[in-house]
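So the chains spell out like this:
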Amino acid sequence: MEELYFAMCSKIIMAYKRLVGVIPVKDGRVVKSYGYKFCRPAGDVVSALRNLERWNADEILLLDISRQARIDPAIPMLIKKSGIATPLTYGGGIRCTNDVNTLLAAGCERFVLETIAFNAPEKVKELADLVGAQALIASLPLTGFGASLALEQYYAKRFGLAHEVLDPSLICRRMNELPVSEVLVIAFNREGYSGSFNLLGNDLCEKGFLSDINKGIIWFGGLSGNIAGRLLNDPQTTAVAFGNSNNEKELALTAIRGEFSRTGSAHHVRRPLLR
Amino acid sequence: MISIQPKRECRQCLYTNRHPFGLHFDETGLCTGCITHAEKTSLNWDYRFRLLEKKTARIRRNKHSPYYDCVLPVRGTPEYFFVVDVVKNRLGMNPLIVSYNSQFNSGIGIKNLDRIRDVFDVDILIYTSNPVTYRKLVRESLIRMNSIRWPYIAGETSFPVYTAVERDIPMVIWPYHQPTEQVGMHSYEEEPEMSRRSRASFDLMGLEPEEMISSETTINESDVYDLRYPAHYMLKRHRITGIYLSNYLPWDPRRFSEESIERFGALSGMNSRTFDTYDRIDDMTYMTIHDLLKYAKHGYSRVTDNLCREIRFGRITKDDARDLQSFYQAQAAGPGLDVFLDWLGMTNEALDWFFKRLPYQCNGAIGASELSVAQHSFVNSFVRNGPDVMANDHFILYGKGLDCNEVINII
Amino acid sequence: MTVIHLIDYGTGNIGSVVSLIESLGLFASVSGSPSEIINAKVVILPGVGAAGVALSNLRLHGVYDALCKRYEEMRPIVGICLGAQLFGEYLHESSCQGFGWLKGGVAPLSDYPFYNNGWCRLDYDALKNASLARALTPSSTFFFNHKYVMGLDTRKKVAVAQRPEIPAIYLDEALCAIQFHPEKSQHNGRIILRNVFEDHYGL
């Protein structure tokens, strides 16, 4: 088993693929988000962070979905208070180097950029000079599948993006040009509904313009253990992310790791011991 | 640390977005609690009960087996008679009943607890913490969290789980998940299960027992030893899960309590600051000091929780509920408060100091004569077949033994 | 009380490293003062971002010279991620010279996906040879997040990540250059840093 792992590893990707726990936050509190339209209350940020660390999440993604165009000042304080030792990625409202410095000081090391990835790519370059491209991730909220894969209209309208930017080939070019290490693909409408991920069709084969992006992909939005397992077998996948389901069962991520053996993808992720 | 949003009330019930668990609304202004509540009439509950049977089938043993199938935490209120009936008689399981002693038991609560044991022929395991530790923890939780119930809740939520680990019992059955019932944290179809995170975030208000330890306050590791939650690898090794019956039965505490009174002879009684004669009647501090602190911290008291439940079930209108809320929230705490202060070793002035630094002060209320006939009739519709909760003016420290005055008389 | 000095030179995530050190029961002192750096028992150089900016910040506050003096006296210096890469010779990212204590330049990863983001296992035998393997197993993983890789300096004891071209830890009498992030590697990160302090430096 180990030999098989090393052989595959040297061909494709060096590190284990990551199982990411997502914490959507609105107005300083954790929420369960459904398609970014409807929210249910889900407790406080500090307990959520510590809980995902106890579950040995490979990475934690803290997504502020308040749409405030700024960093909520409570968030860095809450991150520091939690004192976690797990890789932490933050997304939501990052606009400038000050934002990144505040979050770095609090304990994040990677940053998801959404608005400025499209509206202000020069800012992304500034941030890459500050923290390095390996610390930046571009966010792509998408709908449709295969040839009809497209940027989520709500997002495009809200930020006044020119119509041309919605052209998939232009999106692809933008993603390739940006100094980011990975792309976070979000199944926008399916987010929150476990097992409903549909961006790549039923066989998960119709990637459309995503195959032309030369960065690794983190998938998020309506994944289940089975869907995530199949996505892990794709060489372009570097991580799979789960949000709402983390609130429903104890050791939800451990159960998902267990499901990967049924799709033949258990060797892609690590299996840390519970303590 | 939470961003302040403008105060907003649900269009149907009395909850606002100031609820300590957080509250969200849909586009019509209906809160997530009411949205989840609506599932109690829209889902197929026969199907859901069959799901429960399937879920418990893997661990259900022979009724006469000496081994327990599940751990069932219980309190001395009428609702829990219903819970034990479902688990033992309808699901055919062999439960080990556990109860964490709050040490502020009312007479009626103790009678109910013993009656459960008698009526259902079940074993009960009760844990009573030593008085020095308990007092220390109550004082510390009052200072840190403005709450006197933290030590009880910490024990009540960890003792059943530790019992399950130690005795290798694979399931802990809880009646309902409070954040789901009040603010709609989950949909019932998501079938949420017991988790350490839910306990830390909601039950323990963000403060886990390990964080209580501090050299400044003399709380040390041994004081919180019995309040810790088992480590994850222990739960996984014994394959222990915790389920909520409210995912599989449309939970109505009032209906279940009244059914228990009729079928099993459960006792109910008048409590202070509320019309509900079934809820929390086992604890003499709940509707006294705890309720006053709750109001002072959050701007609403337990009667609002009771009223929101009644509104959602269509048993009272929102306007009537608002009048009753105003009436009960302004009521005095009753004799239990002095006894509690005496037990804790705290003066009334010291308690006043706590209240003065909390944000909400009670302002005005309507008098009893201003309640309408319909409102009076609603209040009187709650069954009262036992003594008042405050009937004894001293706490019964369950399991401690005889009162010293009684001992002198015997000698 | 053993005090570990962390160098704050404007680029880096100090908070997490401080938490890690405190969780080991040690005392963390954050400073940029050259005299403290020279006299400290152990010094940690964290780092995030661009090499050029980091080096100029170090020179600006006199920290660069203090570290050189420390290395001359063979006193313990731990570098984490970018901090470790600064110990190398030529830094391709910013076309400048590093401290030069580790042979070989710091070059970018040459093939897809060009970034090493994720958890990797280390070469356990090398860890054992370097006496860093206490309480670790061959399947222990650590979190890497980098694009540039240190050169292979065979004079020093080195443990590599799963792919042989990625040196993970370099050790010599004074230096400990760690490519991954022990402060983000959960329990294993704590263990390996403890091993560095106790087994390697003998604190």
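1. Let's talk about the overall build of chain C
Right, so step 1: Each helix and strand counted, chain C has seven helices and 13 strands in total.
Right, so step 2: Scaling as 2.2 N^0.38, a compact globule of 203 residues should have a C-alpha radius of gyration of about 17 Å, and chain C matches this with 15 Å.
Right, so step 3: Within chain C, the fraction of its 203 residues that count as buried is 50%.

2. A word on the overall build of chain A
Right, so step 1: In terms of regular secondary structure, chain A is built from ten helices and eleven strands.
Right, so step 2: By residue count, 56% of the 275 residues in chain A fall in the buried class.
Right, so step 3: Taking all contacts inside chain A whose residues are at least 6 apart in sequence as the whole, residues at least 24 apart take part in 69%.

3. Re the interface of chain A and chain B
Right, so step 1: Counting residues at the interface gives 26 residues for chain A, matched by 30 residues for chain B.
Right, so step 2: Listing elements by their share of the side of chain A that touches chain B, those giving two or more residues are β2 (29-34), β3 (38-41), α2 (45-54) and α3 (74-82) of chain A.
Right, so step 3: For the side of chain A that touches chain B, the leading source of residues is α2(A), giving five residues.
Right, so step 4: Broken down by class, the residue content of the side of chain A that touches chain B amounts to twelve nonpolar, four polar and ten charged.

4. With respect to the environment of B:Ser222
Residue and element names in this part refer to chain B.
Right, so step 1: Within the secondary structure layout, Ser-222 lies in the loop between α9 (209-212) and α10 (232-237).
Right, so step 2: In this structure Ser-222 comes out as exposed when scored by C-beta crowding, with 10 C-beta atoms within 10 Å.
Right, so step 3: On a C-alpha basis, the gap between Ser-222 and Thr-133 in space is 8.8 Å, while along the polypeptide they are 89 residues apart.

5. Remarks on the nonpolar core
Right, so step 1: Counting 175 residues, the largest nonpolar core has A:Phe111 and A:Val185 as the members making the most contacts within it.
Right, so step 2: Setting aside residues no more than four positions away along its own chain, A:Phe111 makes contact with A:Thr89, A:Tyr90, A:Gly91, A:Ile94, A:Val100, A:Leu103, A:Ala135, A:Leu136 and A:Ile137.
Right, so step 3: Counting residues in each nonpolar core, the second largest holds 50 residues, with B:Val83, B:Ile116, B:Ile261 and B:Ile281 among its members.

6. Overview of the interface of chain A and chain C
It is common to report an interface's size as the accessible area lost on association of the parts.
Right, so step 1: At the junction of the two partners, chain A supplies 36 residues and chain C supplies 31 residues.
Right, so step 2: Listed by contribution, the elements that provide at least two residues to the side of chain A that touches chain C are α1 (2-11), α4 (97-106) and α6 (121-131) of chain A.
Right, so step 3: Here the side of chain A that touches chain C is built from residues that sort into 16 nonpolar, ten polar and ten charged.

7. A short note on the sheet that holds strand β4 (residues 77-80) of chain C
Residues and elements named next belong to chain C.
Right, so step 1: Ordered by their spatial adjacency, seven strands build an open sheet running β2-β1-β3-β4-β13-β12-β11, and the pairing between neighbours is mixed. Strands at the two margins of the open sheet, each flanked by one partner only, are β2 (27-31) and β11 (157-160). Going across the sheet, the axis of each strand differs from the next one's by a mean of 20°, ignoring polarity.
Right, so step 2: Sheet analysis places strand β3 (residues 42-45) next to β4, joined by three bridges and oriented parallel. Across the sheet, the residue bridging to Leu-45 is Gly-79, located in β4.

8. A look at unusual backbone geometry
Right, so step 1: With phi around 60°, A:Asn56 is a residue other than glycine that occupies positive phi space.
Right, so step 2: Of note, A:Asn56 is situated in the loop between α2 and β4 (59-64).
Right, so step 3: The backbone of C:Ser95 shows a phi angle near 50°, a positive value even though the residue is not glycine.
Right, so step 4: Inspection of the secondary structure assignment puts C:Ser95 in the loop between β5 (90-91) and β6 (96-97).

9. Some points on the environment of C:Ala174
Residues and elements named next belong to chain C.
Right, so step 1: Structurally, the position occupied by Ala-174 is in the loop between β12 (167-171) and β13 (175-178).
Right, so step 2: We classify Ala-174 as partly exposed; it has 17 C-beta atoms within 10 Å.
Right, so step 3: As a C-alpha pair, Ala-174 and Ser-29 span 145 residues in sequence and 20 Å in three-dimensional space.

10. A closer look at α4(A)
Side chains three or four residues apart in an α-helix point the same way, a direct result of the helix having 3.6 residues per turn.
Right, so step 1: Considered for burial, the residues of α4(A) that qualify are A:Val100, A:Leu103, A:Leu104 and A:Ala106. Buried residues along α4(A) cover an arc of 160° about the axis, so they all sit on one side.

11. Thoughts on the arrangement of the chains
Right, so step 1: Most contacts, among the two pairs of chains that meet, fall between chains A and C.
Right, so step 2: Taking C-alpha atoms as the reference, chain B and chain C come no closer than 14 Å and do not contact one another.

12. Thoughts on the packing of α4(A) against α6(A)
All names here are of chain A.
Right, so step 1: Running from amino to carboxyl end, α4 crosses α6 at an angle of 35°, the nearest separation of the two axes being 10 Å. At the point where α4 passes α6, the crossing takes the right-handed sense. For the pair α4 and α6, the contacting residues are Thr-97, Val-100 and Leu-104 in the first and Glu-126, Leu-127, Leu-130 and Val-131 in the second.
Right, so step 2: Taken together, the residues of the contact of α4 with α6 sort by class into five nonpolar, one polar and one charged.

13. Quick look at the sheet that holds strand β4 (residues 171-174) of chain B
Residues and elements named next belong to chain B.
Right, so step 1: If you trace the five strands from one edge of the open sheet to the other, you get β3-β2-β1-β4-β5, paired in parallel fashion. Lying at the two open borders of the sheet, with one neighbouring strand each, are β3 (123-127) and β5 (241-244). Between one strand axis and the next, the sheet turns by 30° as a mean value, whatever way the strands run.
Right, so step 2: The pairing of strand β2 (residues 95-100) with β3 spans five bridges and is classified as parallel. By the bridge assignment, Leu-96 is partnered in β3 with Asp-123.

Rules and cut-offs
Residues numbered from 1 in each chain as written. Chains lettered and ligands numbered in written order. Predicted model: local features only at pLDDT ≥ 70, side-chain atom pairs only at ≥ 80, totals over all residues. Helix = DSSP H or I, 4+ residues; strand = E, 2+ residues; numbered from the N terminus. Rg over C-alpha atoms; globule rule 2.2 N^0.38 Å. Buried ≥ 20, exposed ≤ 12 C-beta atoms within 10 Å, placed from the backbone. Contact = placed C-beta atoms within 7 Å. Nonpolar A, V, L, I, M, F, W, Y, C, P; charged D, E, K, R; others polar. Core = buried A, V, L, I, M, F, W, Y, C linked by C-beta atoms within 7 Å. Pairing = 2+ DSSP bridges. Axes fitted to C-alpha atoms, helices over the stretch in contact; angles between N-to-C directions. Arc of directions from axis to C-beta. Left-handed = near helix turned anticlockwise from the far one by under 90°.

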